[in-house]
Amino acid sequence: MQAVRFVGVGRPPEIHDIPKPTPGPGQVLIKIGGAGVCHSDLHVMEEDFGFVPPFTLGHENAGWVAELGQGVTGLKEGDAVAVYGPWGCGRCHACQLSMENYCENWAQIEGFGGGLGLDGGMAEYMLVPSARLLVPLGDLPPAKAAPLSDAALTPYHAIKRALPNLHAGTTAVVIGVGGLGHMAIQLLRALAPVHIIAADIDDTKLEHAKKLGADDVVNNRHIDEAAERIQEITGPRGAALVLDCVGVQATMDLGVKLLGRNSLWTIVGLGGGRHDFRHGSTPYGTSVSIPYWGSRIELMEVIAMAREGRIHADVTEYPLSQAADVYSKLKSGQITGRAVLVPQ
Ligand code: NAD
Ligand code: ZN
Ligand code: ZN
């Protein structure tokens, strides 16, 4: 079968022909309906995360059950499912709470999950090690639902933790309206009575943000002007939540200017920006966090929201064979919403 392979740091992905896997005891084979093209893959291909090549990319996956390994019950061939991405040990305290994203045994486990060190979903079929990692999609089409498993789950996890602070009269600023950011705006809209400001350096993305429910949009190409404009909107209270879906130096420098007292500064983007912490470097009471992905139960909740039409991923589908080109498009900011690779 055709698969998009990570072949080493500093090299573009390559399409290779690899054998179709067979599920062993407890495993499930998924026929892929779509695999989301996440910006994290660009970091994986350009920076050294310690992943050993080769493996199949794609950590944002959905499809249909194709074959059940020995002993697997509760699923049947043809069921539409999303694949939960961060694969933990399944036994520790965090995993038992469904938070495999914070598995205590992560250092002993090979890879982070399918597409991140292990074979992922940019292929015709994908092997999933356990049925516990599959969430039923009902009638959601897999290619449209694939981004729910990361582009929506990651901001959902971050926003859910922030909800007690996001009461009426507060402001949330979402920086970066790409795959994650376009879901974050919808999630905030659906979950909290908060005023939403979206910031991006690309006006097309800001137009998109408006359509998805942002109350105000600000181009932050010039940090000081953008900060002033946002401060005018928030007033002296500042932002209750700054959700940085980019994480580069420029967005960290912007974010810190927007925080109010007792606020949340949540950095999801892996852009490598820094902040020099000391008393006075953020307003009093600021909580800073760097959340990672989300829990299995949160994925169930995200899928429930999508099934009820409260959120949707804006998906552009591309054939698997165009993977390298789609990654270049993502890198140069030409993807609005999420690109999803679909096997032919
Ligand atoms: P994307 O490429 O789809 O979107 C990035 C957006 O940021 C684009 O709209 C782009 O115009 C905008 N942008 C770029 N530079 C900017 C700047 N200086 N100021 C404002 N906006 C800017 O990316 P994505 O797939 O949404 O991923 C976003 C980030 O989140 C990546 O770094 C990715 O690796 C990371 N990520 C983290 C987690 C996690 O669990 N922490 C999970 C998934 C993705
Ligand atoms: Zn991702
Ligand atoms: Zn665990």
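Our subject is the structure that appears above.
Before going into details, it helps to say that this report is about the structure given with it. Computed from a predicted model, the values in this text were never measured in an experiment.

### Considering the coordination of the zinc ion (ligand 3)
Phase 1: At 2.3 to 2.4 Å from the zinc ion (ligand 3) lie its protein donor atoms, namely Cys89 (SG), Cys92 (SG), Cys95 (SG) and Cys103 (SG).
Phase 2: Considering all four donor atoms around the zinc ion (ligand 3), the spread of angles at the metal, 104 to 118°, places the coordination shape in the tetrahedral class.
Phase 3: Written as a sequence motif, the donor arrangement for the zinc ion (ligand 3) is C-x2-C-x2-C-x7-C. When sorted by exposure, cysteine 95 lands in the same class as cysteine 103, which is buried.

### Observations regarding helix H1 (residues 39-46)
Phase 1: Of all the positions in H1, only Asp41, Leu42, His43, Val44 and Met45 are classed as buried.
Phase 2: Where H1 is buried, its residues touch strand E1 (2-6) and helix H10 (323-331).

### Concerning helix H9 (residues 296-307)
Phase 1: Helix length check: H9 (twelve residues) gives 17 Å between terminal C-alpha atoms against 16 Å at 1.5 Å per residue, within 8%.
Phase 2: Within H9 the residues assigned to the buried category are Arg296, Glu298, Leu299, Val302, Ile303, Met305 and Ala306.
Phase 3: Tucked inside the fold, the buried residues of H9 contact strand E6 (80-83), helix H2 (93-96), strand E10 (134-136), helix H4 (153-162) and helix H5 (179-191).
Phase 4: Glycine 309 occupies a position one or two residues after H9 and carries a positive phi of about 75°.

### What about the side chain of aspartate 150?
Phase 1: By the element assignment, aspartate 150 lies in the loop between helix H3 (142-145) and H4.
Phase 2: Here aspartate 150 occupies a buried position and makes no salt bridge, while the nearest side chain of opposite charge, arginine 338, is found at 4.2 Å.
Phase 3: Side chain to side chain, aspartate 150 and threonine 154 meet in a polar contact 2.8 Å long.
Phase 4: Those residues within four positions of aspartate 150 in sequence are excluded, and the remaining contacts are Cys38, His59, Glu60, Pro155, Trp293 and Arg338.

### What about the sheet that holds E1?
Phase 1: Strand order in the open sheet formed by three strands is E2-E1-E4, with antiparallel pairing between adjacent strands. The open sheet has two free edges, formed respectively by strand E2 (14-17) and strand E4 (55-56), since each of these has just one partner strand.
Phase 2: Relative to E2, E1 runs antiparallel, the two being bridged by four bridges. When the sheet's bridge partners are listed, alanine 3 is paired in E2 with histidine 16.

### Here's the deal with the coordination of the zinc ion (ligand 2)
Phase 1: Protein ligation of the zinc ion (ligand 2) involves Cys38 (SG), His59 (NE2) and Asp150 (OD), the donor distances falling in the range 1.8 to 2.3 Å.
Phase 2: Counting gaps between the donor residues of the zinc ion (ligand 2) yields the pattern C-x20-H-x90-D. With a gap of 91 residues between them, histidine 59 in the loop between E4 and strand E5 (61-68) and aspartate 150 in the loop between H3 and H4 connect regions that are remote in the sequence. Here the two residues histidine 59 and aspartate 150 agree in accessibility, since each one is buried.

### Thoughts on the sheet that holds strand E16 (residues 287-289)
Phase 1: Pairing is parallel across the open sheet formed by six strands, whose spatial order is E13-E12-E11-E14-E15-E16. Strands at the two margins of the open sheet, each flanked by one partner only, are strand E13 (216-219) and E16. Looking at each pair of strands side by side, their axes are set apart by 15° on average, direction ignored.
Phase 2: In the sheet, strand E14 (residues 239-244) pairs with strand E15 (residues 259-267) via five bridges, with the strands oriented parallel. Bridge pairing in E15 places leucine 241 opposite leucine 264.
Phase 3: Set on the sheet, H5 makes contact with strand E11 (171-175), strand E12 (195-200) and E14; between it and E11 the angle comes to about 165°.

### Here we look at the nonpolar core
Phase 1: Ile30, Met122, Leu148, Leu166, Ile185, Leu188 and Leu341 are the most contacted members of the largest nonpolar core, which has 82 residues in total.
Phase 2: It is H5 that contributes the most residues to this core, six residues altogether.
Phase 3: When neighbours within four sequence positions are excluded, leucine 148 is seen to be in contact with Leu140, Leu153, Met183, Leu299, Val302, Ile303, Ala306 and Ile311.
Phase 4: In terms of nonpolar packing, the next biggest core, distinct from the first, is built from 17 residues, Ile197, Ala226, Ile230 and Trp265 among them.

### Quick notes on the pairing of E6
Phase 1: Because side chains alternate across E6, one face comprises the buried residues Ala80 and Ala82, and the other comprises Val81 and Val83, equally buried.
Phase 2: When E5 meets E6, the two strands line up antiparallel, connected through three bridges. From the neighbouring strand, glycine 63 faces E6, where its bridge partner is valine 81.
Phase 3: In terms of strand pairing, E6 meets E10 through three bridges, oriented antiparallel. Its bridge partner lying in E10, valine 83 is registered against leucine 134.

So, how was this worked out
Residue numbers run consecutively from 1 along every chain, following the written order of its sequence. All chains are assigned letters beginning at A, and all ligands numbers beginning at 1, according to the order in which they are written. Per-residue local features are limited, in this predicted model, to residues with pLDDT of at least 70; the limit for side-chain atom pairs, both in listing and counting, is 80 or more; totals at the level of whole chains, interfaces and linings are taken over all residues. No hydrogens and no water enter the side-chain calculation; it runs on all heavy atoms of the structure. Metal donors: N, O and S atoms at distances within 2.8 Å, or within 3.2 Å for Na, K and Ca, with water omitted from the atom set so that some sites may seem incomplete. Only two sets of limits are used to name each site, 85 to 135 degrees for every angle of a tetrahedral four-donor site, and over 155 degrees for opposite donors with all other angles from 65 to 115 for a square planar four-donor or octahedral six-donor site, with any other site named irregular. Buried means the residue's accessible area, taken with a 1.4 Å probe over protein chains only, is under 20% of the maximum for its type, while exposed means over 50%, and partly exposed covers the values in between. Helical segments are the DSSP runs of H or I of at least four residues, strand segments are the runs of E of at least two, and each set is numbered from the N terminus. Any two residues whose heavy atoms approach within 4.5 Å are treated as being in contact. Multiply 1.5 Å by the residue count of a helix minus one, and that product is the helix's expected span. Here Asp and Glu are counted as negative and Lys and Arg as positive; His is not counted, and neither are the chain ends. One side-chain nitrogen of Lys or Arg within 4 Å of one carboxyl oxygen of Asp or Glu is enough to make a salt bridge. As used in this structure description, the phrase polar contact means that two N or O atoms lie within 3.5 Å; if the pair is within protein, one of them must be able to donate a hydrogen and the other to accept it, and residues adjacent in sequence are counted only when both atoms belong to side chains. A pair of strands is labelled paired if DSSP reports no fewer than 2 bridges between them. To get an axis, a line is fitted to the C-alpha atoms, and for a helix only the part in contact is used. The angle between two axes follows their N-to-C directions and goes from 0 to 180 degrees. The definition of a nonpolar core used throughout is a set of buried Ala, Val, Leu, Ile, Met, Phe, Trp, Tyr and Cys residues joined through side-chain atoms within 4.5 Å.

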